[in-house]
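Each chain, written out:
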Amino acid sequence: MKTAGVIGGGAWGTALALVCARAGLDTTLWAREPEVVSAVNETRENRTFLPGVVFDAPVRASGDLADLAGADFVLNVTPAQHLRSSLDAFRPYARAGVPMVLCSKGVEQGSLKLMTEVLEEGLPQASPAVLSGPSFAIDVAKGLPTAVTLACPDEELGFQLAAALSLPTFRPYLATDMIGAEIGGSVKNVLAIACGISEGKGLGRSAHAALITRGFAEMTRMAVALGAEAETVAGLCGLGDLVLTCSSPQSRNMSVGLALGGGQTLEQALAGKVSVAEGVASAPAVVALARKLNVEAPICEAVAAILAGEAQVDQAIAGLLSRPIRSER
Ligand SMILES: NC(=O)C1=CN([C@@H]2O[C@H](COP(=O)(O)OP(=O)(O)OC[C@H]3O[C@@H](n4cnc5c(N)ncnc54)[C@H](O)[C@@H]3O)[C@@H](O)[C@H]2O)C=CC1
Ligand SMILES: O=C(CO)COP(=O)(O)O
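Just so you know, these numbers come straight off a predicted model, no measurement behind them.

Quick notes on the rules
- Residues numbered from 1 in each chain as written.
- Chains lettered and ligands numbered in written order.
- Predicted model: local features only at pLDDT ≥ 70, side-chain atom pairs only at ≥ 80, totals over all residues.
- Heavy atoms only, no water.
- Near = heavy atom within 4 Å.
- Polar contact = N/O pair within 3.5 Å; in protein donor to acceptor, adjacent residues only side chain to side chain.
- Areas by Shrake-Rupley, 256 points an atom, 1.4 Å probe, with all protein chains shown as cover.
- Helix = DSSP H or I, 4+ residues; strand = E, 2+ residues; numbered from the N terminus.
- Nonpolar A, V, L, I, M, F, W, Y, C, P; charged D, E, K, R; others polar.
- Domains from an automatic or database assignment.
- Core = buried A, V, L, I, M, F, W, Y, C linked by side-chain atoms within 4.5 Å.
- Buried < 20%, exposed > 50% of the residue type's maximum accessible area, 1.4 Å probe, protein only.
- Contact = heavy atoms within 4.5 Å.
- UniProt positions renumbered as here; feature names shortened; annotations may be inferred.
- Buried area = accessible area lost by both parts, 1.4 Å probe.
- Salt bridge = Lys/Arg side-chain N within 4 Å of Asp/Glu carboxyl O.

1. Re the site of ligand 2
For step 1, the next point in the chain: Looking at ligand 2, the residues that line it are K105, G133, P134, S135, F136, K188, D241, L244, T245, S251, R252 and N253.
For step 2, the next point in the chain: The side chain of R252 places a nitrogen or oxygen atom 2.7 Å from an oxygen atom of ligand 2.
For step 3, the next point in the chain: Calculation on ligand 2 without its partners gives an accessible area of 310 Å², and the protein chains cover 93% of this total.
For step 4, the next point in the chain: At the level of elements, α10 (236-245) and α11 (252-261) are the ones that each hand at least two residues to the shell around ligand 2.
For step 5, the next point in the chain: Examining the composition of the shell around ligand 2, we find that three residues originate from one element, α10, more than from any other.
For step 6, the next point in the chain: Considered class by class, the residues forming the shell around ligand 2 number three nonpolar, five polar and four charged.
For step 7, the next point in the chain: Looking at which domains feed residues into the shell around ligand 2, each of domain 1 (3-176) and domain 2 (179-322) supplies at least three.

Rendered as structure tokens:
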């Protein structure tokens, strides 16, 4: 593999384009915003979404998806709710069998579909893979050590993709279970909002640990109900990302929770943000999916109710604390 295309010039798409370029791939980054395209090409920076990082490897930016037509593989890094429209736009340029690595973390509202299902509908000729794990864009862009899960049902293709993307400081671990990887990334964003709320309310470290652990149980139940393996979500793409995102206000999702726990409204918490907090859009879809699967997900339910304005923070916390005594397993 010699050429990479990246769809989505936000923080994560930019950081992954840098990974590709550092790995020696000829890399084209498609960005929606003309100012991102010109800044990357003229100043080697994405000041809009990843300020402060001057690229140390060559990335070519473009506003034309046709420029990705010849790429050996494509990373799709749009926000989850925009994956479908990005696939529609890329369809005329997608060759049969093109490997498409899905890097967004979320569940589509309305359809309740995972990103691989959206890809199957929108670009069935693509060969799917999922990249997910504990990886703040800024850490990766600065070249700090990071490990992620690369899930691909075609093991040979998965190995080729991981080999093409790997750097001493960026280590993909292989898996074949794409659903497990997707549920890990989608559900941890909702749980990070819960942990932020707990932190913002000053509920203490014990409550924080309980939320992570019981949240992980919700994530695992959902993954298994969808046919995934529990071991997958116990890896980097599930537990690993949950620990990262629930432990740092650097997380956009946790910071939304912190603001809500501190008494702000959702509107105030999101005001002026150019970056996406995926858990906000995915929470209702995650909850609807859990209900459809008959899976109990009380922490995700509480987050979704708070975000929808259907419950006050204190009321949601009281609801969680008054649930009946039950087996931990
Ligand atoms: N930033 C991070 O550290 C990481 C992000 N991710 C995931 O990557 C995905 C992309 O996130 P970021 O790159 O961080 O985004 P970002 O928050 O840096 O930027 C927002 C992105 O949304 C796009 N956008 C805004 N409105 C749009 C619209 N109407 N149609 C299409 N695109 C629109 C912008 O072009 C931009 O690419 C998300 O699913 C996120 O969960 C995954 C791992 C790490
Ligand atoms: O997914 C991420 C790290 O793995 C980024 O988390 P946030 O979107 O909450 O910042």
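Following the structure, the description resumes.
2. Some details on the site of ligand 1
For step 1, the next point in the chain: Neighbouring ligand 1 are 22 residues; A11, E33, A137, V276 and E278 lie closest to it.
For step 2, the next point in the chain: Contact distances for ligand 1 include 2.6 Å between an oxygen atom and a side-chain N or O atom of E33.
For step 3, the next point in the chain: At 3.4 Å from a nitrogen atom of ligand 1 is found a side-chain nitrogen or oxygen belonging to H82.
For step 4, the next point in the chain: In isolation ligand 1 offers 830 Å² of accessible surface; the protein chains occlude 85% of this area.
For step 5, the next point in the chain: Ranked by residues supplied to the shell around ligand 1, first place goes to helix α1 (residues 11-22) with three residues.
For step 6, the next point in the chain: When grouped by side-chain class, the residues that make up the shell around ligand 1 number nine nonpolar, eight polar and five charged.

3. Here's the deal with the nonpolar core
The nonpolar side chains of a soluble globular protein tend to be buried, and buried together.
For step 1, the next point in the chain: Counting 49 residues, the largest nonpolar core has I183, V187, L191, M219, M222 and C300 as its most contacted members.
For step 2, the next point in the chain: Looking at this core, the elements that each hand over two or more residues are α7 (178-200), α8 (205-225), α11, α13 (278-292), α14 (298-307) and α15 (313-321).
For step 3, the next point in the chain: Shared between two domains, this core takes at least three residues from each, and those domains are domain 1 (3-176) and domain 2 (179-322).
For step 4, the next point in the chain: Not counting residues within four places of it along the chain, the set of residues in contact with V187 comprises M219, M222, V286 and C300.
For step 5, the next point in the chain: Membership of the second largest hydrophobic core comes to 44 residues, among which are A15, A57, V77 and F170.

4. Thoughts on the UniProt feature "binding site: substrate" (unreviewed entry) in the chain
For step 1, the next point in the chain: In the numbering used here, UniProt assigns the "binding site: substrate" (unreviewed entry) feature to K105, R252 and N253. Taken along the chain, the residues just named run across 149 residues; in space they keep tight, none of their C-alpha pairs more than 12.8 Å apart.
For step 2, the next point in the chain: Counting through the fold element by element, R252 comes out in helix α11.
For step 3, the next point in the chain: A relative accessible area of 36% places R252 in the partly exposed class.
For step 4, the next point in the chain: Excluding its chain neighbours within four sequence positions, the residues that come into contact with R252 are S275, V276 and A277.
For step 5, the next point in the chain: The residue N253 is located in helix α11 in this model.
For step 6, the next point in the chain: Sequence-distant contacts of N253, defined by excluding residues within four places in its chain, comprise N189, A192, I193, A277, E278, G279 and V280.
For step 7, the next point in the chain: In terms of polar contacts, N253 uses its side chain to reach the backbone amide nitrogen of E278, at 3.4 Å.

5. Side note on the domain arrangement of the chain
For step 1, the next point in the chain: Splitting the chain by domain gives domain 1 (3-176) and domain 2 (179-322).
For step 2, the next point in the chain: Computed over C-alpha atoms, the centres of domain 1 and domain 2 are 24 Å apart.
For step 3, the next point in the chain: In this assembly, 27 residues from domain 1 lie in contact with 28 residues from domain 2.
For step 4, the next point in the chain: Taken together, the two surfaces of domain 1 and domain 2 that pack against each other cover about 2,200 Å², and 67% of this comes from carbon and sulfur.
For step 5, the next point in the chain: For domain 1, the biggest contributors to the area lost against domain 2 are K105, L112 and F136; these three give 30% of the whole.
For step 6, the next point in the chain: Our count for the contact surface shared by domain 1 and domain 2 stands at one salt bridge.
For step 7, the next point in the chain: A salt bridge links D241 to K105, with the shortest nitrogen-to-oxygen separation between them at 2.6 Å.
For step 8, the next point in the chain: In this assembly, domain 1 and domain 2 are joined by nine residue pairs in polar contact (both at pLDDT 80 or more).
For step 9, the next point in the chain: Mapped onto the side of domain 1 that touches domain 2, the elements with two or more residues apiece are α4 (115-122), β6 (127-132), α5 (137-141) and β7 (146-151).
For step 10, the next point in the chain: It is β7 that contributes the most residues to the side of domain 1 that touches domain 2, four residues altogether.
For step 11, the next point in the chain: Taken together, the residues of the side of domain 1 that touches domain 2 sort by class into 15 nonpolar, nine polar and three charged.

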